[in-house]
Amino acid sequence: MIEAQAGAPKPREYLTWAEGFAVKSRKLAAFQRKRGSSGESRSVASALQLAELIEQIARFGKAADAEDAIRARDRVEPLVQALLVELRSL
C-alpha cells in the first residue's frame, strides 16, 4: 500500500488545487493566444496541453479510490512544475 508523506496535503486536496490551477492557467494561455504572441506560440500550446492533461488526471484522481488518487497526485506534481515553467516563458 502507498502511504502519504507526513505534512503533505491529502491527495484529493492537492488534486482539487491542481485542477483549479490548471483551469486558470489554461485561461491565461488562451488569452495569450488571442493577443497574438507569435514568439511564444510553442509555449502557449505546451501550456494548454499541460493544463488539459492536469485537469483530466486530477478529475480522475478525485473520483478514484485512495490508492489511485495517490498515484494521480504523483503524476500531476511534475506536470504542475512543467506548466509553471511554460507559464513563466509566456
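Small disclaimer: the values here were computed from a predicted structure and weren't measured.

Parameters and conventions
Along each chain, numbering runs from 1 in the same order as the chain's sequence is written. The predicted origin of the model limits local features to residues at a pLDDT of at least 70 and limits the giving and counting of side-chain atom pairs to 80 or more, whereas totals for whole chains, interfaces and linings rest on all residues. Excluded from the side-chain calculations are hydrogens and water; all other atoms, namely the structure's heavy atoms, are used. To get an axis, fit a line to the C-alpha atoms, keeping to the stretch in contact for a helix; angles then go from 0 to 180 degrees between the N-to-C directions. Put simply, DSSP H or I for four residues or longer makes a helix, DSSP E for two residues or longer makes a strand, and each gets a number counted from the N terminus. The cut-offs work like this: below 35 degrees is roughly parallel, past 145 is roughly antiparallel, 65 to 115 is roughly perpendicular, and the gaps in between are oblique. Crossings are assigned a handedness: left-handed for a near helix turned anticlockwise from the far helix by less than a right angle, right-handed for a clockwise turn. Whether two residues are in contact is decided by their heavy atoms: any pair within 4.5 Å suffices. Residues are sorted three ways: Asp, Glu, Lys and Arg are charged, Ala, Val, Leu, Ile, Met, Phe, Trp, Tyr, Cys and Pro are nonpolar, and all the rest, Gly among them, are polar. Put simply, a nonpolar core is a bunch of buried Ala, Val, Leu, Ile, Met, Phe, Trp, Tyr and Cys residues held in one set by side-chain atoms that sit within 4.5 Å of each other. Per-residue accessibility, obtained with a 1.4 Å probe over protein chains only, is compared with the maximum for each type, and a residue is labelled buried under 20%, exposed over 50%, and partly exposed between these values. Any Phe, Tyr or Trp ring, taking Trp's six-membered ring, that has another such ring centre within 6.5 Å forms a pair; planes under 30 degrees apart are called stacked, those over 60 apart edge-to-face, and the others tilted. Expected helix span is given by 1.5 Å per residue-to-residue step, counting one fewer step than there are residues. Put simply, a salt bridge is a Lys or Arg side-chain nitrogen that is within 4 Å of an Asp or Glu carboxyl oxygen.

Enquirer: Would you mind going over the packing of helix H1 (residues 11-35) against helix H3 (residues 66-88) with me for this structure?
Expert: To characterise two packed helices, one gives the angle between the axes of the helices and the distance between these axes. Interaxial distance between H1 and H3 falls to 9 Å at its minimum, and their mutual angle equals 30°. The angle between H1 and H3 falls in the class roughly parallel. The hand of the H1/H3 crossing is left-handed. Together, Pro11, Arg12, Tyr14, Leu15, Trp17, Ala18, Phe21, Ala22, Ser25 and Leu28 of H1 and Ala66, Ala69, Ile70, Ala72, Arg73, Val76, Glu77, Val80, Leu83, Leu84 and Leu87 of H3 make up the contact between the two elements. A per-class count over the contact of H1 with H3 returns 17 nonpolar, one polar and three charged.

Enquirer: When you look at the nonpolar core in this model, what are you seeing that I'm missing?
Expert: Nonpolar side chains in soluble globular proteins tend to end up buried together. Ranked by internal contacts, the top residues of the largest apolar core, which has 21 residues, are Leu15, Ala18, Ile54, Val76, Val80 and Leu83. Elements that contribute at least two residues to this core include exactly H1, helix H2 (41-63) and H3. Here this core takes eight residues from H2, the largest share from any one element. The contact partners of Leu15, leaving out residues within four places of it in the chain, are Ala58, Gly61, Lys62, Ala69, Ala72, Arg73 and Val76.

Enquirer: What exactly am I supposed to notice about the packing of aromatic side chains here?
Expert: Aromatic ring pairs are reported here in terms of the distance separating the ring centres and the angle at which the planes meet. The full count for this structure, using the stated rule, is two aromatic pairs. Pairing Tyr14 with Trp17 gives two aromatic rings, centres 5.6 Å apart and planes at 40°, and the pair type is tilted. With Tyr14 and Trp17 both in helix H1 and three residues apart, the pair spans about one turn of that helix. A centroid spacing of 5.3 Å and a plane angle of 10° characterise the contact between Trp17 and Phe21, whose relative ring orientation is stacked. Of this pair, Trp17 and Phe21 both sit in helix H1, four residues apart, which is roughly one turn of the helix. With relative accessibility at 46%, the residue Trp17 sits in the partly exposed group. Ring-pair connections join several aromatic residues into one group, and the members of that group are Tyr14, Trp17 and Phe21.

Enquirer: Where do I start with H2 in this structure?
Expert: Every α-helix carries 3.6 residues per turn, so stepping three or four residues along brings you back to the same face. Relative to the 33 Å expected for 23 residues at 1.5 Å per residue, H2 spans 33 Å between its end C-alpha atoms, a close match to the ideal helical length. Taken as a whole, H2 has its buried residues at Ser43, Val44, Ala47, Leu48, Leu50, Ala51, Ile54, Glu55, Ile57, Ala58 and Gly61.

Enquirer: I'm lost on the pattern of salt bridges in this one. Help?
Expert: Pairs can form between side chains of opposite charge whenever their charged atoms are close. The final tally for this structure, using the stated rule, is seven salt bridges. The structure contains a network of salt bridges with shared partners spanning Glu19, Arg26, Glu55, Arg59 and Lys62.

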